[in-house]
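# Architecture at a glance
One letter stands for each residue in the lines below.
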Amino acid sequence: MGRGGPSRLRNPPGRGSVPLKKPPAPSGVGYPRRVSRPSTRLRALAAGLSILVLAGCSGGGDAAPVTPNRVNLDDAVALANNVCTAAHDDQVAFQQRISRDFSAPNPARDAVREFVINDVIPVVEGRVAALHGVIANTDRVTWDKAVKDLDQRLSDFKASVEPSQPADLLKATAAPLGTHPGAMLTAYGAKECKNW
């Protein structure tokens, strides 16, 4: 207050100033809590795992190409471990299905081909596609070699479907990508890949 009268604002309203208002109180009691952001590493791992889930649920080779996700070495190894564990479980499931549905000495060729083309190949393609979705920032050469090796194994398996006899095809289906397809990923640091 000034002498003997009301105080005056330096810039009264209407002359280029905006009266100061108290900000509205947030809903609820107190101010909103600060939301912590997940670390870059966790976000990259979550992105990689979502690619894995999407690829594993895809209907086959008609899926859109996966956008590469750049991650560090630890996250690439974690993703490879998850893919290899899932692929090993897939092989166990394929073997159980073969034992259950194709135990007859001479299984029908069409039934075997349908099983391989509609059930086995899309699952294996999804696992390999999940690895394509990651570009490791560290030791890229080893990662690329491992993924190219898996691509070649998958291509060879697909090419073997038509000329194979049903019994031979079922035998190959127990390990569609051959013996130890995850060996190069194991060398990369993904220890779970030794079982695939």
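First, a word on scope: everything that follows refers to the structure included in this document. Computed from a predicted model, the values in this text were never measured in an experiment.

## Some remarks on the overall build of the chain
The number of helices and strands found in the chain is 6 helices and 2 strands. Its helices and strands taken in sequence order, the chain reads α-β-α-α-β-α-α-α from the N to the C terminus. For the chain, the residues scored as buried account for 32% of the 196 residues in total. The contacts in the chain between residues at least 6 apart in sequence include a share of 77% that link residues at least 24 apart. For the chain, the accessible surface area stands at approximately 12900 Å², while carbon and sulfur atoms represent 55% of it.

## Some words on the packing of helix α3 (residues 109–132) against helix α5 (residues 166–173)
Packing of α3 against α5 brings their axes to within 9 Å, and their N-to-C directions diverge by 25°. On the basis of their axis angle, the class for α3 and α5 is roughly parallel. The two elements α3 and α5 cross, and the hand of that crossing is left-handed. Here Arg-109, Val-112, Phe-115, Val-116 and Val-120 of α3 lie close against α5, whose contacting residues are Pro-166, Leu-169, Leu-170 and Thr-173. Looking at the contact of α3 with α5 residue by residue, the class counts come to 7 nonpolar, 1 polar and 1 charged.

## What to know about the nonpolar core
Val-116, Leu-131, Trp-143 and Leu-185 are the most contacted members of the largest nonpolar core, which has 36 residues in total. Those elements that place two or more of their residues in this core are α2 (73–101), α3, α4 (140–160), α5 and α6 (183–188). Residues within four places of Val-116 in sequence aside, it is in contact with Ile-121, Pro-122, Phe-157, Val-161, Leu-169 and Thr-173.

## A closer look at the environment of Ala-130
By the secondary structure assignment, Ala-130 is in helix α3. We classify Ala-130 as buried; its relative accessible area is 0%.

## What to know about empty space enclosed by the protein
To locate leftover empty space, one rolls a probe as large as a water molecule over the atoms. Applying the stated rule across the entire model yields 1 cavity of 30 Å³ or more. In this model, the largest cavity occupies a volume close to 50 Å³. Considering each element in turn, the lining of the largest cavity owes the most residues, 4 residues, to α2.

## So, the environment of Thr-186
Mapped onto the secondary structure, Thr-186 falls in helix α6. The class for Thr-186 is partly exposed, based on a relative accessible area of 22%. When the C-alpha positions of Thr-186 and Asn-81 are compared, they lie 8.8 Å apart, and in sequence the two are 105 residues distant. Those residues in contact with Thr-186, other than ones at most four positions away along the chain, are Lys-191, Cys-193 and Lys-194.

## With respect to the state of the cysteines
Inspection of the entire model under this criterion finds 1 disulfide. The partner cysteine of Cys-84 in its disulfide is Cys-193, sulfur to sulfur 1.9 Å. Measuring the twist about the S-S bond at about 85°, one finds the Cys-84-Cys-193 disulfide to be right-handed. With Cys-84 in helix α2 and Cys-193 in the segment after α6, this residue pair connects regions lying 109 residues apart in the sequence. Neither Cys-84 nor Cys-193 differs from the other in exposure class; each is buried.

## Concerning the side chain of Asn-81
Summarising the element assignment, Asn-81 is placed in helix α2. In contact with Asn-81, other than residues within four places in its own chain, are Ala-190, Lys-191, Glu-192 and Cys-193.

## Brief notes about α4
Between its first and last C-alpha atoms α4 spans 30 Å; for 21 residues at 1.5 Å apiece the expected length is 30 Å, and the two agree. Every buried residue of α4 is accounted for by Trp-143, Ala-146, Val-147, Leu-150, Leu-154, Phe-157 and Ser-160. With its buried residues spanning 145° around the axis, α4 presents them on a single face. Residues of α4 that are exposed and angled more than 90 degrees away from the buried face: Val-141, Lys-145, Lys-148 and Ala-159.

Conventions we followed
- Residues numbered from 1 in each chain as written.
- Predicted model: local features only at pLDDT ≥ 70, side-chain atom pairs only at ≥ 80, totals over all residues.
- Heavy atoms only, no water.
- Helix = DSSP H or I, 4+ residues; strand = E, 2+ residues; numbered from the N terminus.
- Buried < 20%, exposed > 50% of the residue type's maximum accessible area, 1.4 Å probe, protein only.
- Contact = heavy atoms within 4.5 Å.
- Areas by Shrake-Rupley, 256 points an atom, 1.4 Å probe, with all protein chains shown as cover.
- Axes fitted to C-alpha atoms, helices over the stretch in contact; angles between N-to-C directions.
- Parallel < 35°, antiparallel > 145°, perpendicular 65-115°, else oblique.
- Left-handed = near helix turned anticlockwise from the far one by under 90°.
- Nonpolar A, V, L, I, M, F, W, Y, C, P; charged D, E, K, R; others polar.
- Core = buried A, V, L, I, M, F, W, Y, C linked by side-chain atoms within 4.5 Å.
- 1 Å grid on protein atoms, 1.4 Å probe; cavity = no way out; pocket = protein on both sides within 12 Å on 5 of 7 lines; lining within 4 Å.
- Points joined across faces, edges and corners; volume = space filled by probe spheres on them.
- Disulfide = S-S within 2.5 Å.
- Expected span 1.5 Å × (residues − 1).
- Arc of directions from axis to C-beta.

By themselves, these observations are geometric and do not establish any function.
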